[in-house]
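Breakdown of the fold
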Amino acid sequence: MTIRLTVAQALVRFLAAQYTERDGARQRLISATWGIFGHGNVAGLGQALVEYGADMPYHQGRNEQSMVHAAVGYARQSNRLSTHAVTTSIGPGATNLVTGAALATINHLPVLLLPGDIFATRVADPVLQQLEVPYAGDISVNDSLRPVSRYFDRVARPEALIPAALQAMRVLTDPVETGAVTLALPQDVQAEAYDWPEEFFAERTWVVRRPGADPTELADAVRAIRAARSPLVIAGGGVHHSRAEEALAEFAEATGIPVASTQAGKGSLRYDHPQDVGGVGHTGTATANELARQADLVIGVGTRYTDFTTASNTLFTGDGVRFLNLNIASHDGHKLAGQPLIADARSGLTELTEALRLHGHHVGDTYLGEYTLDKERWEQRVDACYEADEIDVRPTQPQVLGALDALVDESDVIINAAGSLPGDLHKLWRARSRDQYHLEYGYSCMGYEIPAAIGVKMAAPERTVWALVGDGTYLMMPTEIVTAVQEGIAVKMILIQNHGYASIGGLSESVGGERFGTAYRFQSDDGTYTGAPLPVDLAANVASLGMRVLRAKTVRDLRAALAEARAADTPTCVYVETETSDTVSGAPEAQAWWDVPVAETATRASAVKARELYERHVSTRRRHL
């Protein structure tokens, strides 16, 4: 039997029948579609979403990149078992997807992209917004999505949709391969009818597997751990993707091995768990980084070992240090010449714990006592950063975090991606639950926070969701505030005004760039942006988009505004201008280096001094072979 439908109608019906299953729990794979319509998709996918609105919920976005961010936020909160599709027109609508696609793929988070494309039949050539390529007739702007997609196909004929759609679902549900998946849909093909086999629309359940460890690799891993005197676990985002937090806690408790976390892995253990030693790397804690420098075995669990984690390969400097990498992806399991343990994080940790218990393995009391004391000292530093001796003054950024820390419980989710906040959060934030700390730091994409908060709130409507946004990030992409207002999604935003790119300004100063071009100020006579702050009222801008705004001028105001915002049942913003004076205590300086090459020749004293320091740090880098 066959059913006659357009390609777009068939795709929507197909997507509505796709499910995932892991550990016996089953859910929709594509639970909704975001869309902005133009001539490239309005008559195809637009009509299909109207036709099958009962089967496929639709959400209206304001910016194509933001729609991808919302879908990614939803997918992460849904443990990668459910996501959204995003449809756009051709031309700029499609190319606006590229940044969001890169973010999704780098972070291994599934999202389905459905951009319109130029006519497959070439009857209208060039069509409005078409990029003409003289040397190739089969290229469109959608080809820019190829390098940032884990799977890409252009559906140039109706019958080609069947294999393309099935491959797309395979990749979206593969714990190793998942990321952005793109099905480019020529606008004429979207509206073309075809006789589809009924089986294409039958419910399909894609089982998300949990592979166990190879017995030989497992035995080798157990021997390596038992031989180590000062081992350290690095928990990455794979711990969360696998829902391996309890397995990690059991492993840490059974062995006494301390656990440091990457930005993506923070919250793998609660901050007050005895074995949690905080963030590791350039934005990490002094406790975790000192352990990293002394470790003779680094046990990476679900981590990619980015340069922030390894301090650009200057952090793990212990004599004879070796790496044991538990990862579901072979590519990551072999990094740093590590001993691979290729397995699902939960399965692998459970097998390790059982094997080590048979041997009664536990770290020595001296090692345990040393890192426990260091952890207590770091918590005292956090208290000092959060504390406000005066409450009728403008707060520092760490004091903003301290006020929020004092208010939230384990049900709150905080979201951030870029600027100076990731560094402060990684060092200072006390994660109370496995999914409270939602940092997108694989791509560190400004503009992610607000739409991602919408996606997280859609996935977990019972949670209080906070988007932590600096003024630089806010000005990049505030548009989805309108979406939150329109759909009544009660996200909470903390908008911090510090008059520019605070993070890059500090980095610029440290590498001899003298904060050039990083402040939001008027130009001075010398052409630099060092004049008075701009008379921009971001709070008024937020209000103009329909969001309720609470202005906080002092620490006292801030505490009251945060409490009022948390209790609100509508989208609410807390606007605060922070103290940036060098005389005001901020977060601790970086506890490990990060390689940003400095000019090798320069006449300005700041660059010359920065180069000298750079060369000292470079000399400590090592290759792990």
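Here is a short report on the structure shown in this document. (Residues numbered from 1 in each chain as written. Predicted model: local features only at pLDDT ≥ 70, side-chain atom pairs only at ≥ 80, totals over all residues. Heavy atoms only, no water.)

As for empty space enclosed by the protein
Across all of its chains, the model carries four cavities of 30 Å³ or more by this definition. Its volume calculated, the largest cavity comes out at about 160 Å³. What lines the largest cavity is a set of 20 residues, among which Lys 266, Tyr 271, Asp 276, Gly 278 and Glu 379 lie closest to the centre. Of all the secondary-structure elements, those providing two or more residues to the lining of the largest cavity are strand S14 (276-279), helix H15 (365-386) and helix H17 (421-428). Among the elements that make up the lining of the largest cavity, the one with the highest residue count is H15 (four residues). Taken together, the residues of the lining of the largest cavity sort by class into eight nonpolar, six polar and six charged. Of the voids in this model, the second largest cavity is the one considered here, and its volume is about 60 Å³. Around the second largest cavity sit Arg 22, Asn 79, Arg 80, Leu 81, Leu 172, Thr 173, Asp 174, Pro 175, Thr 178, Val 208 and His 241, which together line it. Tallied by class, the residues present in the lining of the second largest cavity amount to four nonpolar, four polar and three charged. (1 Å grid on protein atoms, 1.4 Å probe; cavity = no way out; pocket = protein on both sides within 12 Å on 5 of 7 lines; lining within 4 Å. Points joined across faces, edges and corners; volume = space filled by probe spheres on them. Helix = DSSP H or I, 4+ residues; strand = E, 2+ residues; numbered from the N terminus. Nonpolar A, V, L, I, M, F, W, Y, C, P; charged D, E, K, R; others polar.)

Notes on the pattern of salt bridges
Counted under the stated rule, the structure contains 35 salt bridges. The closest approach of N and O atoms between Asp 412 and Arg 566, which form a salt bridge, is 2.6 Å. Here Asp 412 is found in strand S18 (residues 412-416), whereas its partner Arg 566 is found in helix H23 (residues 555-567), with 154 residues between them in sequence. Residue classification places Arg 566 among the partly exposed positions, given a relative accessible area of 23%. The network of salt bridges with common partners includes Arg 243, Glu 245, Arg 434, Asp 435 and Arg 463. (Salt bridge = Lys/Arg side-chain N within 4 Å of Asp/Glu carboxyl O. Buried < 20%, exposed > 50% of the residue type's maximum accessible area, 1.4 Å probe, protein only.)

Some thoughts on the side chain of Gln 190
Counting through the fold element by element, Gln 190 comes out in helix H7 (residues 187-190). Sequence-distant contacts of Gln 190, defined by excluding residues within four places in its chain, comprise Thr 6, Val 7, Ala 8, Gly 40, Asn 41, Gly 44, Leu 45, Gly 116 and Leu 185. (Contact = heavy atoms within 4.5 Å.)

Some details on the environment of Pro 57
Following the sequence through the fold, Pro 57 ends up in the loop between helix H2 (42-51) and strand S5 (58-60). For Pro 57, a relative accessible area of 36% corresponds to the partly exposed category. Leaving out residues up to four positions away in the same chain, Pro 57 has contacts with Arg 28, Ser 31, Ala 32 and Thr 33.

What about the packing of aromatic side chains?
Evaluated as defined, the whole model comprises twelve aromatic pairs. Summarising the aromatic geometry, the rings of Phe 14 and Phe 200 are spaced 4.6 Å apart at their centres and angled 15 degrees between planes, so their arrangement reads as stacked. A residue pair is termed long-range when its members are at least 10 positions apart, and Phe 14 in helix H1 (residues 7-16) and Phe 200 in the loop between strand S10 (193-197) and strand S11 (204-207) qualify at 186 residues. A residue is classified by how much of its surface remains accessible, and Phe 200, at 3% relative accessible area, is buried. Over the ring of Phe 201 we find Arg 13; its NZ or CZ atom is 4.7 Å from the centre of that ring. The ring of Tyr 437 has Lys 266 lying over it, and the distance from NZ or CZ to the ring centre is 5.5 Å. (Phe/Tyr/Trp six-rings, centres within 6.5 Å; stacked < 30°, edge-to-face > 60°. Lys NZ or Arg CZ within 6 Å of the ring centre and 35° of its normal.)

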